[in-house]
Amino acid sequence: MRRTLIIIVLLTLLPDVYIWLCHLRCAPVWLQLAWWLPAVSLLLTIWEFFARHRHHVLSIRLFFTYLLCVSLPKLVFSVVAPLAGWPVGLTAGGIVLLLSLDGFTLGTRRLKVRHVSAAWPTLPPAFDGYRVVHLSDIHAGSLGRRSRMLQRVAEAVNAEHADLIVCTGDHVNQSASELTPYLYILSSLHSADGVYTVLGNHDFVGNVDELCAHLHGMGWHVLRNRSVALSRGDEHITLIGVDNISTWVFARHGNLSEAMAHADEDSFQILLTHDPAHWRAEVAGVTHIDLTLSGHTHGGQLRIGHWSPAKRFARHWWGWYHEGAQRLYVSAGISGAFPFRLGAWPEVTVITIKRDTQNSTNNELCGRTRNI
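In this report, we go over the structure that sits alongside the text. (Residues numbered from 1 in each chain as written. Predicted model: local features only at pLDDT ≥ 70, side-chain atom pairs only at ≥ 80, totals over all residues. Heavy atoms only, no water.)

### Quick look at unusual backbone geometry
Consideration 1: Of note, the phi angle at Asp137 is positive, near 50 degrees, even though the residue is not glycine.
Consideration 2: Summarising the element assignment, Asp137 is placed in the loop between strand 2 (130-135) and helix 5 (147-159). (Helix = DSSP H or I, 4+ residues; strand = E, 2+ residues; numbered from the N terminus.)

Here it is as structure tokens:
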């Protein structure tokens, strides 16, 4: 993490140093002070977030807004200008700025419905073809007036006629009241086995009891370090949920051992846990949990092909991962504390779990994606 922090600081400061040396070194003192003030402010934000382990929403938004709308265009200019001249460098930096602005506006609305599937030999026959809709990271406080976005999410979810709907945390940014304007929309979600959710790191910033009361009022079941059995005739699978368990920065609230205390060890098990880092730390190779569903990373919110800055922070940041027969799926989520999406579009995931009669160990099936 220290290396990542150093890279961020260098990518922020070096373009400023280059532009100052080439164009502003002889400018009036007031202009030079104005030039360096934003960079100093960003460094203070970085220090607060990384060194003091604070993640206030305003600080997060200032940090990423500056990086995307100021630092990144400056960096592109500083790389291109020495090679092709300042007019080309200015054009390249302007294109990056326009893409960033698109990510702030249209990108947050490009909802995708992603259909994926995977198979296990341990799945009971009655659950072959069982369909789970996976939501994550609603971050209601970032939706603002975009209730239409969440209405589209609800319509897309209900159109799937799923067997089960799950959400893997971060319903709000920092206050349970952020969910109030959307209670009527989220309470409309329905599936054969109901809606289950767990709490993420942002859900613990405000009043947790108030938030859980909202969730229960919507008809959602909150799994706080506990498990439930889902039945089809005489057969069943186990759904396990834990409060947020992170390996870095964010406080640990969950307890997997407590959650599994009453779970049927011989059943097919699905775990809901907000942070995918938990899968490597306590699940894969340690438990018999077959499928783990997570969010938290937002797919990096910026993705170009298979690259994302999230790779610097998270080993498991989006899509399928597996160790033996154990699977992890990480959702890109719906929103974020910082409302920006470019490439890593908002996502509703429909996961079909199947029974694998061939007992294969690498059987993720490529899915399909459609726009909403």
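### Side note on the pairing of strand 2
Consideration 1: Taken across its six residues, strand 2 has five buried, putting it largely inside the fold.
Consideration 2: Strand direction decides the pairing type here: strand 2 and strand 12 (residues 347-355), joined by five bridges, are antiparallel. Its bridge partner being in strand 12, Val132 is matched across the sheet by Ile351.
Consideration 3: Inspection of the sheet shows strand 2 paired to strand 3 (residues 164-167) by four bridges, in the parallel sense. Bridged to Val133 within strand 3 is Ile165. (Buried < 20%, exposed > 50% of the residue type's maximum accessible area, 1.4 Å probe, protein only. Pairing = 2+ DSSP bridges.)

### Some words on the packing of aromatic side chains
Consideration 1: The full count for this structure, using the stated rule, is nine aromatic pairs.
Consideration 2: When the ring of Phe104 is compared with that of Phe340, the centres are 5.2 Å apart and the planes differ by 70 degrees; the resulting orientation is edge-to-face. A residue pair is termed long-range when its members are at least 10 positions apart, and Phe104 in helix 4 (residues 86-104) and Phe340 in the loop between strand 11 (326-330) and strand 12 qualify at 236 residues.
Consideration 3: When the ring centre of Trp35 is taken as reference, the NZ or CZ atom of Lys74 above it lies at 4.0 Å.
Consideration 4: Its end group placed over the ring of Trp318, Arg303 keeps NZ or CZ at 3.9 Å from the ring centre. (Phe/Tyr/Trp six-rings, centres within 6.5 Å; stacked < 30°, edge-to-face > 60°. Lys NZ or Arg CZ within 6 Å of the ring centre and 35° of its normal.)

### Let's talk about the pattern of salt bridges
Consideration 1: Under the criterion given, the structure shown has nine salt bridges.
Consideration 2: Among the salt bridges present, the one from Glu155 reaches Arg148, with a minimum N-O distance of 3.4 Å.
Consideration 3: For Glu155, a relative accessible area of 40% corresponds to the partly exposed category.
Consideration 4: Taking the shortest distance from any N to any O, the salt bridge between Glu323 and Arg280 comes out at 2.3 Å. (Salt bridge = Lys/Arg side-chain N within 4 Å of Asp/Glu carboxyl O.)

### Side note on a nonpolar patch on the surface
Consideration 1: A cluster of nonpolar side chains, contributed by Ile6, Leu10 and Leu14, occupies part of the molecular surface with about 280 Å² of accessible area.
Consideration 2: In this structure, Leu10 sits in helix 1 (residues 2-24). (Patch = residues over 30% accessible without salt bridge, like charges linked within 9 Å, V, L, I, M, F, W, Y side chains within 5 Å. Areas by Shrake-Rupley, 256 points an atom, 1.4 Å probe, with all protein chains shown as cover.)

### Focus: the sheet that holds strand 7 (residues 235-241)
Consideration 1: Spatially, 6-7-8-9-11-10 is the arrangement adopted by the six strands of the open sheet, whose pairing is mixed. Two strands in the sheet have a free side with no partner beyond their single neighbour: strand 6 (226-232) and strand 10 (319-323). Averaged over all adjacent pairs, the angle separating strand axes in this sheet is 20 degrees, with direction ignored.
Consideration 2: Relative to strand 11, strand 10 is paired through five bridges, and the arrangement is antiparallel. Within the sheet, the bridge partner assigned to His322 lies in strand 11 and is Arg327. (Axes fitted to C-alpha atoms, helices over the stretch in contact; angles between N-to-C directions.)

Honestly, that's just the spatial picture; any functional story needs more than this.
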